[in-house]
Amino acid sequence: MQATDDRAIGQEQTQEQAQRPKRKPFHTELTENTVKALRDMDAPWQKDISETYSNRPFNPSSGKQYDGANMVNLALQKEKDPRWLTMWQVNQLDNGKGRIAPGSVPAAMVFYTMQRSEPRVDGYGNAVLGRDGKQIVDKVRLSKPTLEQRYLFPAKAVRDADRVLGPFETRPEPDRETAMQRVRNIISAAGLDLQHKDKTTAHPAQSRATHVLRPPAKYPSPDEYERTLVYHILESTRHQDRLDRYTGPNGTENRTREELRLKVGAWMLGQELGVQIGKPDVDKDMAQEYVKLLEKGEFEMMRICRDAAQAKDLVLGLEQKLELQKAQESQLEREARLEQEGPELVAAAMPTASSPGREVMEPKEVLAVALEKTGLCLEGREVILVGGSTRIPAIQKV
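A few points on the structure. Just so it is clear, the model here is predicted, and its values are computed rather than measured.

## Points about the pattern of salt bridges
Working step 1: Tallied over the full model, the rule gives 31 salt bridges.
Working step 2: One salt bridge in this structure joins K312 and D67, with 2.8 Å as the shortest N-O distance. Of this pair, K312 sits in helix 11 (residues 300-349) while D67 sits in the loop between helix 3 (49-52) and helix 4 (68-75), placing them 245 residues apart in sequence.
Working step 3: Residue classification places D67 among the partly exposed positions, given a relative accessible area of 31%.
Working step 4: The residue E253 makes a salt bridge to K296 at a minimum N-O spacing of 3.0 Å. Remark: K296 occurs in helix 10 (residues 284-296) and E253 occurs in helix 9 (residues 253-273); sequence separation between them is 43 residues.

Rendered as structure tokens:
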């Protein structure tokens, strides 16, 4: 009778699971969220950075900030508290008592991995159980990376989040001068070929590295000119000698795709630097063109996020390259100074018979003193130096 009841309960649970709607693949969820935000003119890159900087999604357990397509998808959730955790991380909270509130809806994320989890079975296909009575799961190494999907829960989904996670502390505003200095470092390292004209064309050809801007005096402030210049540096990453992105002429689908890449990339870069890069994309007509583009291909937005993140990383790499060059130049200067002044410094530090207050010792006497400090008793015996080796007769360890 008990077995019959257990089977009935098991069948009901199986039917309930079968009736549950399946979670959408990540690329579908990302595309739908982006399309909805574009139609509502509510995407992160359609806003000023002052509205989005404090809400960059991050993981409070690892302290890492999400990037790429994951960053976009989580930002589109519009959570006031940008903390996101996996189910396992939530369960580890509060000494293993952390739980998710019923009815909470997670958001999808993806990552590349070089291993796969496989439940262990014996030769007959039966599960192999561990000491805890649960099936053993092995980690299998893969020959190439594969994309896996997981789910993240917002901080508000954690039971008693204020006590378990602590109150959310808003991301501090960046120092304006420090942020603009980083912008100037990127400009200095980019080596962009610039021309200043009162009338500018929309976009240079892909094979050209020259960018045409209005003269600096035409901009409301020097800072805005420099931020616009960084946007053009981001745009220059499509050059065939860099990331080699094909863009095509204005009005084409390829141009629309490139425009969306740049808007998303500028938003990502602004989140890193702490300043607005370019201008918020408030063109409703272009937003409709973006929607048409994304609705044509299910993986379109994932590719755009990937390209935008690559462009952002390349621009930030210019700053790191400049810092490395400065460090190398400083090292070369120190080495040159040491080579020039080194012999004099060494000669001045060496003891001589004419130096007052200094005791001059032979090399074997210096070695004997060093050995005695290590605890070896020489008992008055002389240390004999033979060629390049040292022979110490009749020395015993104290």
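So that's the structure; there's more coming.
## Concerning the packing of helix 2 (residues 26-39) against helix 10
Working step 1: At a minimum axis separation of 9 Å, helix 2 and helix 10 run at an interaxial angle of 160 degrees. Classified by the angle between their axes, helix 2 and helix 10 sit roughly antiparallel to one another. Remark: the crossing between helix 2 and helix 10 carries left-handed chirality. Where helix 2 approaches helix 10, its residues T31, T34, V35, L38 and R39 are matched on the opposing element by A287, Y290, V291, L294 and E295.
Working step 2: Of the residues assigned to the contact of helix 2 with helix 10, the class counts are six nonpolar, two polar and two charged.

## Overview of the side chain of T31
Working step 1: Turning to its location among the elements, T31 is positioned in helix 2.
Working step 2: Using a relative accessible area of 10% as the deciding quantity, one classes T31 as buried.

## Points about the nonpolar core
Working step 1: With 28 residues, the main nonpolar core has L30, W45, V72, L260, V264, M268 and M301 as its most contacted residues.
Working step 2: Sorting the residues of this core by element identifies helix 2, helix 4, strand 2 (107-119), helix 9, helix 10 and helix 11 as the ones contributing at least two each.
Working step 3: Considering each element in turn, this core owes the most residues, six residues, to helix 11.
Working step 4: The residues touching M301, leaving out its near neighbours within four places in the chain, are L30, T31, T34, W45, V72, L260, V264 and L294.

## Re the sheet that holds strand 2
Working step 1: Spatially, 1-3-2 is the arrangement adopted by the three strands of the open sheet, whose pairing is antiparallel. Looking at which strands have only one partner, the edges of the open sheet turn out to be strand 1 (84-86) and strand 2. Between one strand axis and the next, the sheet turns by 40 degrees as a mean value, whatever way the strands run.
Working step 2: Across twelve bridges, the pairing between strand 2 and strand 3 (residues 137-154) is antiparallel. Across the sheet, residue M109 finds its bridge partner in strand 3, namely R150.
Working step 3: Along the sheet, helix 4 contacts strand 1, strand 2 and strand 3; its crossing angle with strand 2, the most-contacted strand, is approximately 130 degrees.
Working step 4: Contacting strand 1 and strand 3, helix 5 (residues 87-96) runs over the sheet at an angle of about 95 degrees to strand 1.

## Description of the packing of aromatic side chains
Working step 1: Applying the stated criterion across every chain yields a total of two aromatic pairs.
Working step 2: With a centroid separation of 5.3 Å and an interplanar angle of 65 degrees, the aromatic rings of Y219 and Y225 are classed as edge-to-face.
Working step 3: Exposure remark for Y219: the relative accessible area of 10% places this residue in the buried category.
Working step 4: Assessed through its relative accessible area of 12%, Y225 is described here as buried.
Working step 5: The ring of Y53 carries the charged tip of R171 above its face, separated from the ring centre by 3.8 Å.

About the cut-offs
- Residues numbered from 1 in each chain as written.
- Predicted model: local features only at pLDDT ≥ 70, side-chain atom pairs only at ≥ 80, totals over all residues.
- Heavy atoms only, no water.
- Salt bridge = Lys/Arg side-chain N within 4 Å of Asp/Glu carboxyl O.
- Helix = DSSP H or I, 4+ residues; strand = E, 2+ residues; numbered from the N terminus.
- Buried < 20%, exposed > 50% of the residue type's maximum accessible area, 1.4 Å probe, protein only.
- Axes fitted to C-alpha atoms, helices over the stretch in contact; angles between N-to-C directions.
- Parallel < 35°, antiparallel > 145°, perpendicular 65-115°, else oblique.
- Left-handed = near helix turned anticlockwise from the far one by under 90°.
- Contact = heavy atoms within 4.5 Å.
- Nonpolar A, V, L, I, M, F, W, Y, C, P; charged D, E, K, R; others polar.
- Core = buried A, V, L, I, M, F, W, Y, C linked by side-chain atoms within 4.5 Å.
- Pairing = 2+ DSSP bridges.
- Phe/Tyr/Trp six-rings, centres within 6.5 Å; stacked < 30°, edge-to-face > 60°.
- Lys NZ or Arg CZ within 6 Å of the ring centre and 35° of its normal.

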